[in-house]
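Residues per chain are reported as follows:
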Amino acid sequence: MKFTKAEIDAIIEASPRTFVPFNKLVLSQDYQARAGGNTPKMSIVELAASIKESGVLQNLVVVQGARGRYEVCAGGRRLEALTLLVGNGDLADNYPVPVLIVPADKALIASLSENCFHIPMHPADEFAAFAKLIGQGKSVEDVAAAFGITPLVVKRRMKLATVSPKLMALFREDQIGLDCLMVLASVDDQQKQEQTWAALPSWNRRPDYLRQLLTQGEIESDRDAVAKYVTLKAYEKAGGALRRDLFSDDEKKAYLLDAALLEKLATDKLQKRAKQIAAEGWKWVDVRVRYAFDEYVKYGELRKTKRQPEAEEAAALAELDSRIAALHAQMERLADEDGDEETFYQLEGEAEGLEEQRKALDEALSVWPADLMAQAGCVVHVGHNGTVAVKYGLIRPDDRSDMVQAARQAAESGTDDSLVSLPSPKTRPVHSEKLVRCLTAHRVAAVQAELLDRPDVALAAITAHLAQKIFRGNDLYYCRSENVFAINATDSQSELRSAAEDMEASAAWAKIQTERTAWAERLPENLEEIFPWLLAQEQAAVLHLLTFVVAVTVIGIYGTEPERQSNEALARALGLDMSQWWTATGASYFNHVSKARVLEVVTEAVDANAASPLAALKKDAVVTGAEQTVAGTGWLPACLRINTAQTTQTKAAADDTRRVPGEPALTA
């Protein structure tokens, strides 16, 4: 039979309401709509506290049983809470409990009605109710005792009641979860709550991300290194504003709101350590709350030098070495004999302890050179772990020359160590990256073209290259090749064309492509047949093919002008003269540099008198004039030049090596 809510309400309305002593009530086994046993124990404690404070506000539904007993078919939680109170002596055994007595045949329906049609209080209403109780003058402790909860829970519920009404409405509509509501409640500014929630993307409404947005600009006391160094206690004592999160599991955690005060406290605290550092003899000591690498990137660095140990120190080091060696020998014997593992680990621990002692003694021998400390300084700052850290031995740009002179004098006095590391001063490059790549590409092509006529150099170069790989060992050996030889050859022609747009118009490129075409026509179409084909050729032909292959693998394209180029030795061996392969014209050079640079080139290639008339002209006219003036001078930018003195020596040596042993040198 199907019952409507109206029919159930009629049954309840017709049933009598009265009071029954607690000791006459028993939990019904037959007429309960909801089985017991699944109620959290803490909720019963809280309910018991509420009943103790306010009494039973809603009657139990009972059925009259045998021997004057009443079976509870709805209100099992209230009965359990009453049992707890009676057991604790808070209520008398005959405490009058309000009940609704229903007929036995209607009992299960009444129980079902209470469980199905009862609408539980929304958490938002609960938060507001707690806030009203406090507003009526009740203390947090009184409310906590009345509901059997801790004062912290009361404070949290009151805090939740302060969330923006707009956001609370969304919470009631299940558009905001309780976890996010607690994060929003941790901030008092309702406008900030609303703005932050509105800015939160719908796909990333996570509590941790919401907290991250809400706390921007605030400093976490337990995570920020400077906050840990200053300590929360010192910050609060100085009157620093902070915010605590009632919903945090860490009661000591706080968010610091006054960054300026925190940095001042840290700076003041660091000053004590800075005075100690200054007393060591440094020229200057900076105090920084946080070490900023960019601020000191232009500074050089002083290195420690190792002093000779004194007699006592040397003896201590020797004794430690002896004891460590003896322990290792015992460990090796135990390992060889499968000895007791416990003894082995005991010896290992003892050896590690001695090695730490030796390391400490050895580090004590590394000292800052006293005569150079007067030109260097230190930065005292807060380290990442919240403790004082010191960056020693920094050299200011203004002290570079004095430090270099002092270091030179120290080197003359006998030290072999390089005591000073100075960054290269940054200057504006003469040539752009694109131009340097273009120029060095032409240099590579010229080296390749020259190499085509020098199989002796090609053979020596590839032999040296392979020897370097062999004698380097297996440090760079990553995988086993399936090829017969572990040699790679990469054609660099596409890279040359990419770096220099005018490459295909150059004489070097034309020579290389002519040679490529000739070999392509001569070699077998099936590349697998090249090896047997070569076996049938004269050695001169093999050498010429090797020379071509070596030539087209030469590299050396740069984006910035290097101090020394990788193909420098090869270029010297070839006696490379780049003026035979490249000429400074408007298209190849002058259009790509400044007017001032063009005038500088004319002055260098000819003289100042030739450059002077060009100074008053516009850039286009200057380029044309420079091209005409410099023509025939053989001028080259620095990256295309070769050291002629070394080239002459290298060429003479190459001539000697080409002579057959015992054959006299050729004379002009």
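Definitions and limits used
Residues numbered from 1 in each chain as written. Predicted model: local features only at pLDDT ≥ 70, side-chain atom pairs only at ≥ 80, totals over all residues. Heavy atoms only, no water. Helix = DSSP H or I, 4+ residues; strand = E, 2+ residues; numbered from the N terminus. Buried < 20%, exposed > 50% of the residue type's maximum accessible area, 1.4 Å probe, protein only. Contact = heavy atoms within 4.5 Å. Core = buried A, V, L, I, M, F, W, Y, C linked by side-chain atoms within 4.5 Å. Axes fitted to C-alpha atoms, helices over the stretch in contact; angles between N-to-C directions. Parallel < 35°, antiparallel > 145°, perpendicular 65-115°, else oblique. Left-handed = near helix turned anticlockwise from the far one by under 90°. Nonpolar A, V, L, I, M, F, W, Y, C, P; charged D, E, K, R; others polar. Pairing = 2+ DSSP bridges. Patch = residues over 30% accessible without salt bridge, like charges linked within 9 Å, V, L, I, M, F, W, Y side chains within 5 Å. Areas by Shrake-Rupley, 256 points an atom, 1.4 Å probe, with all protein chains shown as cover. Salt bridge = Lys/Arg side-chain N within 4 Å of Asp/Glu carboxyl O. Lys, Arg positive; Asp, Glu negative; His and termini not counted. Charge placed at Lys NZ, Arg CZ, Asp CG, Glu CD. Arc of directions from axis to C-beta. Polar contact = N/O pair within 3.5 Å; in protein donor to acceptor, adjacent residues only side chain to side chain. Expected span 1.5 Å × (residues − 1). Phe/Tyr/Trp six-rings, centres within 6.5 Å; stacked < 30°, edge-to-face > 60°. pLDDT = per-residue confidence, 0-100.

## Considering the overall build of the protein chain
Then, in step 1: The helix and strand tally for the protein chain stands at 29 helices and 15 strands.
Then, in step 2: Looking at the protein chain as a whole, 35% of its 668 residues are labelled buried.
Then, in step 3: Long-range contacts, defined as pairs at least 24 residues apart, comprise 72% of the intrachain contacts of the protein chain with a sequence gap of at least 6.

## As for the environment of leucine 302
Then, in step 1: Within the secondary structure, leucine 302 is located in strand 10 (residues 300-302).
Then, in step 2: Along the primary structure leucine 302 and proline 369 are separated by 67 residues, whereas in three dimensions their C-alpha atoms are 8.7 Å apart.
Then, in step 3: Excluding residues that lie within four positions of it along the chain, leucine 302 makes contacts with Trp282, Trp368, Pro369, Leu372, Met373, Ala376, Gly393, Ile395, Met403, Leu419 and Val420.

## Brief notes about the nonpolar core
Then, in step 1: Residues Leu451, Leu496, Leu576, Met578, Trp582, Tyr589 and Phe590 are the most contacted members of the largest nonpolar core, which totals 59 residues.
Then, in step 2: By residue number, the principal contributor to this core is helix 19 (residues 433-451), which donates 10 residues.
Then, in step 3: Once residues within four sequence positions are removed from consideration, phenylalanine 590 is found in contact with Ala584, Thr585, Val598, Val601, Lys619, Val623, Ala626, Glu627 and Val630.
Then, in step 4: The next biggest cluster of nonpolar side chains, apart from the first, holds 33 residues, and it includes Tyr229, Val230, Val287 and Val420.

## What about the packing of helix 10 (residues 190-199) against helix 11 (residues 207-214)?
Then, in step 1: Viewed as axis vectors pointing N to C, helix 10 and helix 11 meet at an angle of 125°, and their least axial separation amounts to 10 Å. For the element pair helix 10 / helix 11, the angle class is oblique. The element helix 10 and its partner helix 11 pack so that their crossing is right-handed. Of the residues in helix 11, those touching helix 10 at Lys192, Thr196 and Trp197 are Leu210, Leu213 and Leu214.
Then, in step 2: For the contact of helix 10 with helix 11, the class distribution of residues is four nonpolar, one polar and one charged.

## Describing the sheet that holds strand 13 (residues 377-382)
Then, in step 1: Reading across the sheet, the five strands line up as 9-13-14-10-15 and stay open at both edges, with mixed pairing between neighbours. Bordering the open sheet on either side are strand 9 (284-287) and strand 15 (420-421), each of which pairs with just one other strand.
Then, in step 2: Sheet topology note: the strand 10/strand 14 (residues 388-395) ladder contains two bridges and is antiparallel. Looking across to strand 14, one finds that glutamate 301 is bridged to leucine 394.

## Some points on the pairing of strand 14
Regular strands place their side chains on alternate faces of the sheet.
Then, in step 1: Pairing geometry for strand 13 and strand 14, over five bridges, is antiparallel. Bridge pairing links histidine 381 to alanine 389 in strand 14.
Then, in step 2: What sits between the antiparallel neighbours strand 13 and strand 14 is a turn of five residues, in which glycine 386 has the positive phi angle 85°.

## Thoughts on a negative patch on the surface
Then, in step 1: A cluster of acidic residues, Glu352, Glu355, Glu356 and Glu363, forms a negative patch at the surface.
Then, in step 2: Tracing the sequence through the fold places glutamate 363 in helix 16 (residues 341-364).

## Focus: unusual backbone geometry
In terms of backbone geometry, most residues other than glycine have negative phi values and most peptide bonds are trans.
Then, in step 1: Even without being glycine, arginine 67 reaches a positive phi, approximately 55°.
Then, in step 2: Within the element layout of this structure, arginine 67 appears in the loop between strand 3 (60-64) and strand 4 (70-74).
Then, in step 3: What makes arginine 67 exposed here is its relative accessible area of 80%.
Then, in step 4: For aspartate 174, which is not a glycine, the phi torsion comes out positive at approximately 65°.

## Re the side chain of serine 28
Then, in step 1: Among the secondary structure elements, serine 28 is positioned in the loop between strand 2 (25-27) and helix 2 (41-54).
Then, in step 2: With relative accessibility at 0%, the residue serine 28 sits in the buried group.
Then, in step 3: Excluding its chain neighbours within four sequence positions, the residues that come into contact with serine 28 are Glu71, Val72 and Cys73.

## Concerning the sheet that holds strand 7 (residues 242-243)
Then, in step 1: As summarised here, the arrangement of the three strands in space is 6-8-7, forming an open sheet in which the pairing is antiparallel. Strands with a single pairing partner mark the edges of an open sheet, and in this sheet they are strand 6 (219-220) and strand 7.
Then, in step 2: Pairing analysis gives two bridges linking strand 6 to strand 8 (residues 255-256), with the strands arranged antiparallel. Residue pairing across strands places isoleucine 219 opposite leucine 256, the latter belonging to strand 8.

## Some remarks on helix 11
Then, in step 1: For helix 11, the set of buried residues is Leu210, Leu213 and Leu214. Burial along helix 11 is one-sided: seen end-on, the buried residues are contained in an arc of 95°.
Then, in step 2: Looking at the buried residues of helix 11, the elements they touch are helix 9 (178-185) and helix 10.

## Focus: the environment of glycine 239
Then, in step 1: Checked against the element boundaries, glycine 239 lands in the loop between helix 13 (232-237) and strand 7.
Then, in step 2: Accessibility expressed as a relative area gives 58% for glycine 239, which makes it exposed.
Then, in step 3: Separated by 19 residues in the primary sequence, glycine 239 and aspartate 258 place their C-alpha atoms 9.6 Å from one another.

## Some remarks on the side chain of aspartate 286
Then, in step 1: Assignment of secondary structure puts aspartate 286 in strand 9.
Then, in step 2: Only 3.2 Å separates the side chain of aspartate 286 from the side chain of tyrosine 296, close enough to count as a polar contact.

## Some details on helix 3 (residues 76-87)
Then, in step 1: Here helix 3 spans 16 Å end to end across 12 residues, near enough to the 16 Å set by a 1.5 Å rise per residue.
Then, in step 2: For helix 3, the set of buried residues is Arg78, Leu79, Ala81, Leu82, Leu85 and Val86. Down the axis of helix 3, the buried set is contained in an arc of 160°. They therefore lie on one face.
Then, in step 3: Trailing helix 3 by a residue or two, glycine 89 shows a phi angle of about 80°, which is positive.

## Some points on the packing of aromatic side chains
Then, in step 1: In total, this model carries 10 aromatic pairs according to the counting rule given.
Then, in step 2: Ring geometry for tyrosine 291 versus tyrosine 296: centroids 5.2 Å apart, planes at 10°, classification stacked.
Then, in step 3: Classification of tyrosine 291 by relative accessible area gives partly exposed; the value is 25%.
Then, in step 4: Seen in terms of ring centroids, tyrosine 589 and tryptophan 635 are 5.3 Å apart; in terms of plane orientation they differ by 65°. Their pairing is edge-to-face.

## As for the pattern of salt bridges
Then, in step 1: Under the definition given, this model contains 28 salt bridges.
Then, in step 2: Between glutamate 220 and arginine 223 there is a salt bridge; the shortest N-O distance is 4.0 Å.
Then, in step 3: Taking relative accessible area as the criterion, glutamate 220 reaches 24% and is therefore assigned partly exposed.
Then, in step 4: Residue classification places arginine 223 among the exposed positions, given a relative accessible area of 61%.
Then, in step 5: For arginine 288, the salt bridge goes to glutamate 295, with nearest N and O atoms at 3.0 Å.
Then, in step 6: A relative accessible area of 28% means that arginine 288 is categorised as partly exposed.

## Concerning the confidence of the model for the protein chain
Then, in step 1: Per-chain confidence: the protein chain averages 82 in pLDDT, with 84% of residues scoring 70 or above.
Then, in step 2: Throughout residues 473-482 the model reports pLDDT below 50, and contacts reaching past four residues in sequence, or to other chains, amount to zero contacts.
Then, in step 3: This model gives residues 656-668 a pLDDT under 50, and the stretch forms four contacts once residues within four places in sequence are excluded.

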